[in-house]
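Fold and geometry: a report
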Amino acid sequence: MKFYGELLIFLLLLVTNGRIYFPKNGRRDPLVAVSPFTVILSVLLLFSWGFDIVTGTAVILSILVMIVNFHAMFRYTDRVYVDNYSPLMKITATMTNLLTVCAIIFTIMFAPVMENTHKKNSVTESSWNYTGSFRNGFVESGNWDTVNATFYEYSLFPEFTDRSYAVLFMPDRRGDVKNYSPFLRLLAQEGCTTYTADFFTSDCKYLHNGLDYKLFRRFFMICESMRNSQKFLSQREFYTYNMSLEGEALISSAVKKYGSQCKFFIVTDVMGETAAVDLYKKYPDLITGTFNLSSVPEYITAGYGCVDQTNPFLARFLGAEKDNDMMIARLIAKKSAVAAKQSWGINAE
């Protein structure tokens, strides 16, 4: 999990630089070898979860600590014994230690909400990676292929799943599937198998610059949205076109997976509202209705996902507090399930 990975990196940084306070004269300095290892871990964390404030801090601090210890690493590889540490080394190590301690405190203060293990295990999350584009279509990716789309399914255990109905979820791109995960799991617990996807293709860009890359897109879309929300929302038609491309690909994949007899219901967030309605009108035999999460007044982080569980720091900026009980995620899951079941003609309790 991202939270534990970040804590591990920061603790390893403390171990690396903390050794200067306990010199062992006449011995080699093996703890310095931890420094490049933390850089590798932080980069792997970045590629796994994407860029945000904490992950970016972990990468920067890891690189900084490795630079500070560069000379010490050479001494260790050359089997040189350590007599003492220079004043400059002690000063820089102390500064990076202070920054690392601050990062640990920040990470713990704004730790994500941990889901109930029993309830979490009652839901099966499956994912499939694909390569391709909206223009040429998608095929399952090989080990060395670029992943341009990841499809996810959230459902109860197979023996409890009715494959005649499914919810198609189109997330706002200021969030992603991982940041809607608490809602998606709760929606599955309501008996709604949910199929969704994240797309990163060259023919569907959301940012008008070179930052539209898988690792950075969400972070800079959030920055752009919060910096000038009116300008961001004025590009609604542009976003609707992109969301329509994603919706078409999601429907096509869902039909292949569940069959053309399956009835689908689209749930979306702010950015996908118009695209969802257009798709509903275009495929009346497949899609039974739509529901926009932003229509729920209590859901004040609309467009960003369940950040009051996944990213409490961002939630604070949006005027929401950390929701340990997942009340809001449970509320929007319940309302989505009721709307979907009513459209399917199923009794929604």
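What this report covers is the structure whose coordinates are included nearby. Because the structure is predicted, anything quoted here is derived from the model rather than measured.

Glancing now at the overall build of the protein. A count of helical and extended segments in the protein gives 14 helices and seven strands. The buried share of the protein, taken over its 349 residues, is 48%. Taking all contacts inside the protein whose residues are at least 6 apart in sequence as the whole, residues at least 24 apart take part in 76%. A total of about 17,500 Å² of accessible surface is found on the protein, and carbon and sulfur atoms cover 59% of it.

The strand order E2-E1-E3-E5-E4-E6-E7 describes an open sheet built from seven strands, whose pairing is mixed. Either end of the sheet is taken by a strand with one partner, and the two such strands are strand E2 (137-140) and strand E7 (287-292). Strand-to-strand twist of the sheet, defined as the mean angle between neighbouring strand axes without regard to direction, takes the value 30°. When strand E4 (residues 165-170) meets strand E5 (residues 194-199), the two strands line up parallel, connected through three bridges. When the bridges of E5 are listed, Phe169 appears paired with Thr196.

Taken as a whole and judged by the stated rule, the model has 25 aromatic pairs. Taken together, a centroid distance of 4.8 Å and an interplanar angle of 85° make the contact between Phe51 and Phe219 edge-to-face. Within this pair, whereas Phe51 is found in the loop between helix H2 (34-49) and helix H3 (53-68), its partner Phe219 is found in helix H8 (residues 217-227), the two being separated by 168 residues in sequence. The exposure class assigned to Phe51 is partly exposed, which follows from its relative accessible area of 25%. Considering the side-chain rings of Phe110 and Phe313, the 5.2 Å spacing of their centres and the 70° angle between planes classify their relative orientation as edge-to-face. With Phe110 in the loop between helix H5 (87-109) and helix H6 (117-121) and Phe313 in helix H13 (residues 312-317), this residue pair connects regions lying 203 residues apart in the sequence. On the accessibility criterion, Phe313 (21% relative accessible area) is partly exposed. Taken together, the ring pairs in this structure connect Trp128, Tyr130, Phe134, Phe138, Phe151, Tyr195, Phe199, Tyr258 and Phe264 into an aromatic cluster.

To continue, consider the packing of helix H1 (residues 2-18) against H3. The interhelical angle for the contact between H1 and H3, taken along N-to-C directions, is 20°, at an axis separation of 10 Å. Between H1 and H3, the interaxial angle falls into the category roughly parallel. Here H1 and H3 pass one another in a crossing that is left-handed. In this structure, H1 uses Lys2, Glu6, Ile9, Phe10, Leu13, Thr16 and Asn17 to contact H3, whose residues at the interface are Val54, Thr55, Thr57, Ala58, Leu61, Ser62 and Val65.

Moving on, we come to unusual backbone geometry. Positioned with a positive phi, Met326 is a non-glycine residue whose angle comes to about 55°. Secondary-structure assignment places Met326 in the loop between H13 and helix H14 (327-344). Residue Met326 is classed as buried on the basis of its relative accessible area of 7%.

The subject of this paragraph is the pattern of salt bridges. In this structure the tally under the stated criterion is nine salt bridges. Close ionic contact of Arg174 with Asp172 constitutes a salt bridge, the shortest N to O distance being 3.0 Å. The burial state of Arg174 is the same as that of Asp172; both residues are buried. Three or more residues joined by partner-sharing salt bridges are found here, namely Lys2, Glu6 and Asp52.

Attention shifts here to the nonpolar core. Counting 32 residues, the largest nonpolar core has Phe151, Leu168, Phe199 and Phe264 as the members making the most contacts within it. Breaking this core down by element, the ones donating at least two residues are strand E3 (149-156), E4, E5, helix H10 (236-258), strand E6 (263-268) and helix H11 (273-282). Residues within four places of Leu168 in sequence aside, it is in contact with Tyr195, Leu250, Ile251, Ala254, Phe264, Phe265, Ile266 and Val267. In terms of nonpolar packing, the next biggest core, distinct from the first, is built from 29 residues, Tyr152, Leu184, Leu187 and Val267 among them.

Residues Met1, Tyr4 and Met114 make up a contiguous nonpolar surface patch of roughly 330 Å² in combined accessible area. By the element assignment, Met114 lies in the loop between H5 and H6.

Of all six residues that make up E4, five are buried, and the element is covered over most of its length. At this point the chain moves from E4, through helix H7 (residues 181-189), to the parallel E5, and the crossover so formed is right-handed.

Quick notes on the rules
Residues numbered from 1 in each chain as written. Predicted model: local features only at pLDDT ≥ 70, side-chain atom pairs only at ≥ 80, totals over all residues. Heavy atoms only, no water. Helix = DSSP H or I, 4+ residues; strand = E, 2+ residues; numbered from the N terminus. Buried < 20%, exposed > 50% of the residue type's maximum accessible area, 1.4 Å probe, protein only. Contact = heavy atoms within 4.5 Å. Areas by Shrake-Rupley, 256 points an atom, 1.4 Å probe, with all protein chains shown as cover. Pairing = 2+ DSSP bridges. Axes fitted to C-alpha atoms, helices over the stretch in contact; angles between N-to-C directions. Phe/Tyr/Trp six-rings, centres within 6.5 Å; stacked < 30°, edge-to-face > 60°. Parallel < 35°, antiparallel > 145°, perpendicular 65-115°, else oblique. Left-handed = near helix turned anticlockwise from the far one by under 90°. Salt bridge = Lys/Arg side-chain N within 4 Å of Asp/Glu carboxyl O. Core = buried A, V, L, I, M, F, W, Y, C linked by side-chain atoms within 4.5 Å. Patch = residues over 30% accessible without salt bridge, like charges linked within 9 Å, V, L, I, M, F, W, Y side chains within 5 Å. Right-handed = clockwise from strand over helix to strand, strands pointing away.

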